[in-house]
Amino acid sequence: LAKTTQPISMDSYEGQEVNITCSHNNIATNDYITWYQQFPSQGPRFIIQGYKTKVTNEVASLFIPADRKSSTLSLPRVSLSDTAVYYCLVGDWDTGGFKTIFGAGTRLFVKA
Amino acid sequence: SAVISQKPSRDICQRGTSLTIQCQVDSQVTMMFWYRQQPGQSLTLIATANQGSEATYESGFVIDKFPISRPNLTFSTLTVSNMSPEDSSIYLCSVAQGGHTIYFGEGSWLTVV
């Protein structure tokens, strides 16, 4: 299983763009990269998923370089409500089932 | 994505007792999983709940402590047995959907006193 490494915490101000990078040097060919947002006392919420290059949806963009050893979650114009923990998850199906591993997460603090 | 409901959402339990957490999904799913998240920590996979057969446990988790049932494709239960304060955690049900994505319920927050 590919281990993920993220910054422990990040600070930002309202209206800024925030980029959170995740390293996953041992990512396997079949692995997908998924990012989740988690507020206190709630379950993780799916943000975005990608395999390679760039993926964009209504809330975020995900940039994955060609070697796929890292990925960057980009949150445009953050607000106070984006203060949360963000998890990078790498995994997919293998012969043993759906295998994933969560990293420690990045605590994002958005200030006014 | 599937809607995942967990019960209870929160409970305070006496040490030595057991509590069963229910997970209901609004659509049939092949794979269901149970995670634990201890205070201030990341998520750890407890087991994969297999429909019609015994759950597959991850290293460090055993069936006697965390028995799991999966009677059909929309429902699963996790029991936390003989609880101690170290079991105080959020327990999360999740499902695999869309081929490569897992989605989570809101979690069940257990405090053992």
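Right above here is the structure, for reference.
Residues numbered from 1 in each chain as written. Chains lettered and ligands numbered in written order. Predicted model: local features only at pLDDT ≥ 70, side-chain atom pairs only at ≥ 80, totals over all residues. Heavy atoms only, no water.

This part covers the interface of chain A and chain B. Contacts between the two partners involve 21 residues from chain A and, on the opposite side, 22 residues from chain B. Summed over the shared surface of chain A and chain B, the result is 0 salt bridges. There are 6 residue pairs in polar contact (both at pLDDT 80 or more) connecting chain A and chain B. Counting residues per element, the ones that place at least two in the side of chain A that touches chain B are β3 (32–38), β4 (45–50), β8 (84–94) and β9 (97–102) of chain A. Of the residues that constitute the side of chain A that touches chain B, the class distribution is 10 nonpolar, 8 polar and 3 charged. (Contact = heavy atoms within 4.5 Å. Salt bridge = Lys/Arg side-chain N within 4 Å of Asp/Glu carboxyl O. Polar contact = N/O pair within 3.5 Å; in protein donor to acceptor, adjacent residues only side chain to side chain. Helix = DSSP H or I, 4+ residues; strand = E, 2+ residues; numbered from the N terminus. Nonpolar A, V, L, I, M, F, W, Y, C, P; charged D, E, K, R; others polar.)

Once that is clear, we can look at the sheet that holds strand β1 (residues 4–7) of chain B. Residues and elements named next belong to chain B. If you walk across this open sheet you meet the 4 strands as β1-β3-β8-β7, and the pairing is antiparallel. Edge positions in the sheet fall to β1 and β7 (68–72), since each has one partner strand and no second. Sheet twist, expressed as the mean angle between neighbouring strand axes with direction ignored, is 15 degrees. Judged from the 3 bridges that link them, β7 and strand β8 (residues 75–80) form a sheet pairing that is antiparallel. Each bridged residue has a counterpart across the sheet, and for S69 the counterpart in β8 is T77. (Pairing = 2+ DSSP bridges. Axes fitted to C-alpha atoms, helices over the stretch in contact; angles between N-to-C directions.)

Right, let's talk about the state of the cysteines for a bit. Within the structure shown, the criterion is met by 2 disulfides over all chains. Covalent S-S linkage joins A:C22 and A:C88, the inter-sulfur distance amounting to 2.3 Å. When the S-S torsion is -80 degrees, as for the bridge of A:C22 with A:C88, the disulfide is left-handed. Pair noted here: A:C22 is in strand β2 (residues 18–23) and A:C88 is in strand β8, with a separation of 66 residues, a long-range link. For the residue pair A:C22 and A:C88, the accessibility class agrees, reading buried in each case. Between the sulfur atoms of B:C23 and its disulfide partner B:C93 the distance amounts to 1.9 Å. One disulfide, between B:C23 and B:C93, carries an S-S torsion of -70 degrees and so falls in the left-handed class. Here the residue B:C23 occupies a position in strand β3 (residues 19–25), and B:C93 occupies one in strand β9 (residues 89–97), the gap between them amounting to 70 residues. Across this residue pair, the class does not change: B:C23 and B:C93 are buried. (Disulfide = S-S within 2.5 Å. Buried < 20%, exposed > 50% of the residue type's maximum accessible area, 1.4 Å probe, protein only.)

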